[in-house]
Amino acid sequence: MLEHFTTARVDSDTKLGWWNTLLEETYSGLRASPIRSRFDAEIYRWTVGETHLTRPRSSAAVVTREHRLGPPSEQSLAFHLLHHGAGPLRLQQRGRDISLETGDLVICA
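Residues numbered from 1 in each chain as written. Predicted model: local features only at pLDDT ≥ 70, side-chain atom pairs only at ≥ 80, totals over all residues. Heavy atoms only, no water.

Undergrad: Describe in detail the overall build of the chain, supporting the description with residues and values.
TA: On a plain count of helices and strands, the chain comes out with one helix and nine strands. In the chain, the succession of α and β elements from N to C terminus is β-α-β-β-β-β-β-β-β-β. Counting only contacts in the chain whose residues sit at least 6 apart along the sequence, the fraction spanning at least 24 positions is 46%. Summed over all atoms, the accessible surface of the chain reaches about 8,600 Å², with 53% contributed by carbon and sulfur. (Helix = DSSP H or I, 4+ residues; strand = E, 2+ residues; numbered from the N terminus. Contact = heavy atoms within 4.5 Å. Areas by Shrake-Rupley, 256 points an atom, 1.4 Å probe, with all protein chains shown as cover.)

Undergrad: Give me the lowdown on the environment of Thr64, citing residues and values where you can.
TA: Relative to the assigned elements, Thr64 resides in strand β5 (residues 61-65). For Thr64, a relative accessible area of 43% gives the class partly exposed. For the pair formed by Thr64 and Gln92, sequence separation is 28 residues and the distance between their alpha carbons is 9.3 Å. Apart from the residues within four sequence positions on either side, Thr64 is in contact with Gly29, Leu30 and Arg31. (Buried < 20%, exposed > 50% of the residue type's maximum accessible area, 1.4 Å probe, protein only.)

Undergrad: Talk me through helix α1 (residues 15-26); I want residue IDs and the actual numbers.
TA: Taking 1.5 Å of rise per residue, twelve residues should cover 16 Å, and α1 covers 16 Å from first to last C-alpha, within 8% of that figure. For α1, the set of buried residues is Lys15, Trp19, Asn20, Leu22 and Leu23. For α1, the arc enclosing every buried residue in end-on projection is 160°, short of the 170-degree limit, so these residues lie on one face. Each element contacted by the buried residues of α1 is listed here: β1 (2-6), β2 (30-34) and β3 (41-48). (Expected span 1.5 Å × (residues − 1). Arc of directions from axis to C-beta.)

Nothing here speaks to function; it is all geometry.
Now the structure itself:
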């Protein structure tokens with residue numbers, strides 16, 4: 001199944017809340033905080049069996065993920081491929097801090 005979501009059809013007063021609800025549904029605990037007042041975003045989501053693929057795009061934003069405590073769920077891996085962006089992307093996870101450039105791939109458990 002292929003789904004496409006965009007903020008282009010959402011009222012500017014509710015755009016960020018709508019986007020963050022969509023992010024939470026797609027990636028548990030994820031939130032975006034735009035760097036500029038104008039914020040636009042879209043995401044494609046594909047599901048093939050038990051594999052989920054996403055292709056998000058947005059205006060510049062700080063994206064954070066809240067760590068959720070509780071029993072571990074099924075083992076999963078996340079592959080992050082930076083395919084487009086202006087300047088380096090800074091990624092912080094579990095006390096580590098790296099800079100990513102276009103074409104870099106990060107694999108997270």
